[in-house]
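# Topology and contacts: notes
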Amino acid sequence: LLTKWVMSLLEKSASRARTIYVNCWSRSTAYAVLGEILHQAEIFVSPRESMISMVRKFENMTKSPEKKFVIALDEVDQLESFEVLYDVSRSGAGLVCISNNPYALSDDDDRIKSSLQVEGLEFPAYSVEQMADIIGQRAKYALAPNAISRDDTKIIARLCSGDSRVGIEMLRRAALIAENENKKKISAEHIKKAFSEAKFMRKSKLEEKLSDDEMEILKIIRSEKRANASHVYAQYSKKVSYPVTER
């Protein structure tokens, strides 16, 4: 949200500035990222457009003397390949990479690192008071007056560990639980139930990132909670055709 706000200010203050925002969680391939960039720049892309053709269109787009592009890639660590970062950085467009992982780009090859010349800007997690303010503001616009107390917004703020998206999702779920129980106010019990659901939501999103081998290992660990590493690896080796090395 902060990035979008800054980008909107940039467009208002600089007549030639053109900003583009892409979330790499939903568009994790180079093809999808470039397609979305061209779409937001109002450049036609055929459903069967080749990657080479899209790269050429992108390069031509950034050469325009009438516009200067700034491209923000949110959740950049979700990209299947960082090769697209090379194409964007070499184009002359401004590039903003956003991630909760401070080491998201540390595994780039030297060619991409040299092209990026990354300058880091870290945003610390929200404090409990700041998070409670955010939750309270959202509740003000989304819920009936006095549907949640300040003390209960602080409970959510403590549980979400500075992650505003999790906090807002907990508020939403707590409100739905209260509504299903025909309650006019969200209670600590509703928040407790919402927290359990939110934890599951975060876990399921993390599991989506795991490879097939990692998922197989996770299944074994869940079924045999007290097994040591050697036993887990032995069971894993029996279940897959080409197991990775024990290391």
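Refer to the structure above for everything that follows.
Residues numbered from 1 in each chain as written. Predicted model: local features only at pLDDT ≥ 70, side-chain atom pairs only at ≥ 80, totals over all residues. Heavy atoms only, no water.

## Focus: unusual backbone geometry
Negative phi values dominate among residues other than glycine, just as trans dominates among peptide bonds. With a phi angle near 60 degrees, E42 is a residue other than glycine that sits in the positive phi range. Its location among the elements puts E42 in the loop between α2 (30-40) and α3 (51-62). According to the relative accessible area criterion, E42 is exposed, its value standing at 74%. A positive phi is found at E75, a non-glycine position, where the angle reads about 50 degrees. Structurally, E75 is set in the loop between β2 (68-74) and α4 (83-90). (Helix = DSSP H or I, 4+ residues; strand = E, 2+ residues; numbered from the N terminus. Buried < 20%, exposed > 50% of the residue type's maximum accessible area, 1.4 Å probe, protein only.)

## Some words on the pairing of β2
Extensive coverage of β2 is indicated by the burial of 5 of its 7 residues. Here strand β1 (residues 17-23) pairs with β2 via 7 bridges, running parallel. Bridging across to β2, N23 finds its partner in D74. When β2 meets strand β3 (residues 94-97), the two strands line up parallel, connected through 4 bridges. Residue pairing for β3: I71 is matched across the bridge by L95. In terms of handedness, the path from β2 via α4 over to β3 forms a crossover that is right-handed. (Pairing = 2+ DSSP bridges. Right-handed = clockwise from strand over helix to strand, strands pointing away.)

Honestly, that's just the spatial picture; any functional story needs more than this.
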